[in-house]
Amino acid sequence: MTVDTFHSAAPAVLFDLDGTLVDPAGAITGGITQALAQHALPIPPDAALRSMVGPPLAQSLGAVAGVPADRLAAVIATYRERYRAEGMAASRVYPGVADLLVRLREHGYRLAVATQKPVGLATELLAATGLLDAFDVVHGSSDDEADPVPLTKTQIVAAALADLGLAGTRAAGTSATAAHRAVMIGDRQHDMLGAAENGLPGIGVAWGFAGDRELVDAGATVVVGSARELESAVVRLVAPPADAPSVSGGAVA
């Protein structure tokens with residue numbers, strides 16, 4: 001997707017996908033369990049399975065589930081087949097998120113998705129949950145999950161910023177100006193690190209898959225517990241355009 005050039009000077013809000021915008025409702029952990037079982041591989045405990053939501057699937061299957069490299073492609077194919085057939089339909093938008101996206105656009109923000117999910121699958125999921133039209137750009141990992149060097153969250157956030165016209169030359173990845181014109185929102189440490197390494201404030205959401213203190217320890221600027229709190233945090237950290245409608249009645253103080 002490409003950004004509307006009419007709004008190219010507006011500030012931006014970047015979102016992670018699973019665990020931030022959309023609740024996978026067990027589709028990811030359940031799908032991984034079934035794929036591993038189908039290939040007669042050991043199934044990690046529940047806490048380990050939850051930790052696999054967010055990072056690239058191939059990376060998690062190898063590092064957390066111990067899937068041998070020569071079996072990764074087959075396990076991923078099995079998982080993706082079930083996810084498209086059943087898991088995507090089971091996913092649900094978190095309470096208040098759809099309305100939040102509408103309000104943020106009304107306030108004048110541009111919206112982007114920056115996820116480590118393969119970009120094609122991320123676009124399919126956004127369309128299936130009715131969220132796709134809310135976003136100006138969608139960036140994710142390569143659709144080729146056999147890529148031996150998958151994109152990091154830092155690289156994906158940087159690509160989204162570039163597409164939004166907010167990329168800079170600072171060593172961390174963005175200019176000082178961009179740091180005040182964009183914010184990254186997510187539920188895992190990778191999201192907060194990707195924000196920090198691109199010079200952005202990071203807002204952690206407490207309804208996702210982070211472990212205790214994970215977001216705080218990863219440097220989250222603030223952690224919020226509801227869509228209304230999230231709106232308020234965005235407005236505090238990245239001011240809306242001067243000509244945007246008043247936000248005083250929309251966000252929680």
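Residues numbered from 1 in each chain as written. Predicted model: local features only at pLDDT ≥ 70, side-chain atom pairs only at ≥ 80, totals over all residues. Heavy atoms only, no water.

A. Structural detail: the side chain of S91. With respect to the helices and strands, S91 occurs in the loop between α4 (72-90) and β3 (92-93). Among the polar contacts listed, one links the side chain of S91 to the backbone oxygen of G87, at a separation of 3.3 Å. Excluding anything up to four places from it in sequence, S91 contacts V22, D23, P24, Y83, L125 and T129. (Helix = DSSP H or I, 4+ residues; strand = E, 2+ residues; numbered from the N terminus. Polar contact = N/O pair within 3.5 Å; in protein donor to acceptor, adjacent residues only side chain to side chain. Contact = heavy atoms within 4.5 Å.)

B. Molecular detail of helix α7 (residues 153-163). Residues K153, T154, I156, V157, A160 and L161 constitute the buried set of α7. Buried residues of α7 fall within an arc of 165° about the axis and therefore sit on the same side. Looking at the buried positions of α7, the neighbouring elements they touch are β1 (12-15), β4 (110-118), β5 (137-141), β6 (182-186) and α9 (189-196). Positive backbone phi, at 75°, marks G165, one or two positions downstream of α7. (Buried < 20%, exposed > 50% of the residue type's maximum accessible area, 1.4 Å probe, protein only. Arc of directions from axis to C-beta.)

C. Spatial organisation of the pattern of salt bridges. Within this structure, the stated rule accounts for 10 salt bridges. Between D18 and K117 there is a salt bridge; the shortest N-O distance is 2.5 Å. Highlighted residues: D18 in the loop between β1 and β2 (22-23) and K117 in strand β4, separated in sequence by 99 residues. With a relative accessible area of 9%, D18 lands in the buried category. Judged by relative accessible area, K117 falls into the buried class, the value being 8%. (Salt bridge = Lys/Arg side-chain N within 4 Å of Asp/Glu carboxyl O.)

D. Region of interest: the layout of surface pockets. Considering only enclosed or pocket space, the largest pocket measures out at about 320 Å³ in volume. Looking at the largest pocket, it is lined by 24 residues, and the ones nearest its centre are P55, P56, L57, Q116 and K117. Among the secondary structure elements, those contributing two or more residues to the lining of the largest pocket are α1 (27-38), α3 (57-63), α4 and β4. Counting residues per element, the lining of the largest pocket draws most heavily on β4, at four residues. Of the residues belonging to the lining of the largest pocket, the class tally is 12 nonpolar, five polar and seven charged. (1 Å grid on protein atoms, 1.4 Å probe; cavity = no way out; pocket = protein on both sides within 12 Å on 5 of 7 lines; lining within 4 Å. Points joined across faces, edges and corners; volume = space filled by probe spheres on them. Nonpolar A, V, L, I, M, F, W, Y, C, P; charged D, E, K, R; others polar.)

In short, the description is geometric, and any link to function would need to be established separately.
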